[in-house]
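# A closer look at the structure
Now for the letters of each chain:
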Amino acid sequence: MNFSGKVVLITGASSGIGAATAQEFSKLGAQLVLVGRNVEKLQETAAKCLNPESHLQIKAEMTDENDVQRIIKETLEKFQRLDVLVNAAGIIENGTIENTSLEQFDRVMNTNVRSLYHLTMLAVPELKKTKGNIVNISSVCGLRSFPNVLAYNISKSAVDQFTRCVALELAAAGVRCNSVNPGVIVTELHKRGGMDEEAYQKFLEHCKATHALGRAGEVDEVAGVICFLASDKASFITGVNMPVDGGRHAMCPR
């Protein structure tokens with residue numbers, strides 16, 4: 001896989017899967033646009049990438065329409081092109097139909113779906129010029145149903161449908177669109193969603209039973225698949241929601 005001369009825009013690049021994906025793309029020669037809310041964390045991500053001084057860092061709040069417009073503007077000002085869009089920004093919050101407020105629902109949907117829709121919409125004209133592609137970070141929660149994360153599950157199902165529809169709409173222009181659907185991956189996502197350390201460790205232990213491979217995944221295992229889907233090696237793949245979940249999507253309770 002070779003991304004020399006290509007520009008890759010990654011949201012959620014300050015941590016987790018987004019940060020690992022940035023490092024992997026940099027090894028493959030890409031010029032990066034790193035987008036996140038935390039400037040210090042963005043700087044840490046850039047420092048871990050090859051040729052850190054060549055990459056663009058953008059502090060942005062993905063639910064702010066002006067910030068999203070600025071991401072595309074600054075990308076084109078620096079690089080004059082866009083080849084790959086990786087929509088990795090997202091949040092998770094616990095809640096059921098009995099206790100998920102409309103405020104929580106809106107917060108999750110605005111971050112996980114609306115902002116992704118907005119940025120992709122703005123990026124498409126540039127991706128058509130380069131015959132680029134899009135990789136969305138969804139979840140096994142988009143493929144299977146799980147209790148107690150209702151708004152999150154709905155948001156990821158929406159991302160999966162968005163991925164398939166956009167793939168069909170842009171295929172004639174030579175632009176591909178796919179998603180990865182991770183299982184539990186060791187990141188800060190769940191802690192930011194409200195888990196304390198003790199609960200998180202119990203959660204990871206439980207993954208030995210809920211994932212066929214008997215463990216949670218690592219960010220590098222997802223980043224490699226993202227880079228593959230964005231590469232010419234995947235030139236005949238579009239509209240795919242690809243599980244990267246240790247077999248969790250195939251499991252049934254017994």
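Residues numbered from 1 in each chain as written. Predicted model: local features only at pLDDT ≥ 70, side-chain atom pairs only at ≥ 80, totals over all residues. Heavy atoms only, no water.

## Quick word on the overall build of the protein chain
Counting its secondary structure elements, the protein chain contains eight helices and seven strands. At 17 Å, the protein chain has a C-alpha radius of gyration in line with the 18 Å of a compact globule built from 254 residues. If you line up the protein chain on its principal axes, its C-alpha atoms span 50 × 35 × 35 Å. Per-residue burial for the protein chain yields a buried fraction of 50% across its 254 residues. Nonlocal contacts in the protein chain, meaning residues at least 24 apart in sequence, comprise 70% of its contacts between residues at least 6 apart. Carbon and sulfur atoms form 53% of the exposed surface of the protein chain, whose accessible area is close to 12200 Å². In the protein chain, which carries 27 positive and 28 negative side-chain charges, the distance between the mean positions of the two groups comes to 5 Å. (Helix = DSSP H or I, 4+ residues; strand = E, 2+ residues; numbered from the N terminus. Rg over C-alpha atoms; globule rule 2.2 N^0.38 Å. Buried < 20%, exposed > 50% of the residue type's maximum accessible area, 1.4 Å probe, protein only. Contact = heavy atoms within 4.5 Å. Areas by Shrake-Rupley, 256 points an atom, 1.4 Å probe, with all protein chains shown as cover. Lys, Arg positive; Asp, Glu negative; His and termini not counted. Charge placed at Lys NZ, Arg CZ, Asp CG, Glu CD.)

## Section: the layout of surface pockets
One number sums up the size of the second largest pocket: a volume of about 160 Å³. Tyr117, Thr120, Met121, Val124, Phe162, Cys165, Val166, Glu169 and Leu170 are the residues that line the second largest pocket. Only helix H4 (102–130) and helix H5 (150–170) provide two or more residues apiece to the lining of the second largest pocket. With five residues, the top contributor of residues to the lining of the second largest pocket is H5. (1 Å grid on protein atoms, 1.4 Å probe; cavity = no way out; pocket = protein on both sides within 12 Å on 5 of 7 lines; lining within 4 Å. Points joined across faces, edges and corners; volume = space filled by probe spheres on them.)

## What to know about the environment of Asp196
Take Asp196: it is sitting in the loop between helix H6 (189–192) and helix H7 (197–210). Separated by 154 residues in the primary sequence, Asp196 and Leu42 have C-alpha atoms spaced 24 Å apart. At 3.3 Å, the side chain of Asp196 and the backbone nitrogen of Glu198 are in polar contact. (Polar contact = N/O pair within 3.5 Å; in protein donor to acceptor, adjacent residues only side chain to side chain.)

## Overview of the UniProt feature "domain: Ketoreductase" (unreviewed entry) in the protein chain
As annotated by UniProt and renumbered to match this structure, "domain: Ketoreductase" (unreviewed entry) occupies residues 6–176. Between the C-alpha atoms that bound residues 6–176 the distance is 15 Å, and the span itself is 51% helix and 14% strand. (UniProt positions renumbered as here; feature names shortened; annotations may be inferred.)

## Quick notes on the side chain of Ser138
Looking at the secondary structure, you find Ser138 in the loop between strand S5 (133–137) and H5. In this structure the side chain of Ser138 is engaged in a polar contact, spanning 3.3 Å, whose partner is the side chain of Asn181. Contacts of Ser138, omitting those with residues within four sequence positions, involve Lys156, Val159, Asp160, Ser179, Val180, Asn181 and Pro182.

## With respect to the packing of aromatic side chains
Under the counting rule described, the total for this entry stands at three aromatic pairs. With a centroid separation of 4.9 Å and 80° between ring planes, the pair formed by Phe3 and Phe25 is classed as edge-to-face. In this pair, Phe3 sits in the segment before strand S1 (7–10) while Phe25 sits in helix H1 (residues 16–27), placing the two residues 22 residues apart along the sequence. Across this residue pair, the class does not change: Phe3 and Phe25 are buried. Aromatic pair Tyr117 and Phe162: ring centres 5.8 Å apart, planes at 50°, arrangement tilted. Residue Tyr117 is found in helix H4, and its partner Phe162 is found in helix H5; the two are separated by 45 residues along the sequence. Judged by relative accessible area, Tyr117 falls into the partly exposed class, the value being 48%. Residue Phe162 is classed as buried on the basis of its relative accessible area of 14%. (Phe/Tyr/Trp six-rings, centres within 6.5 Å; stacked < 30°, edge-to-face > 60°.)

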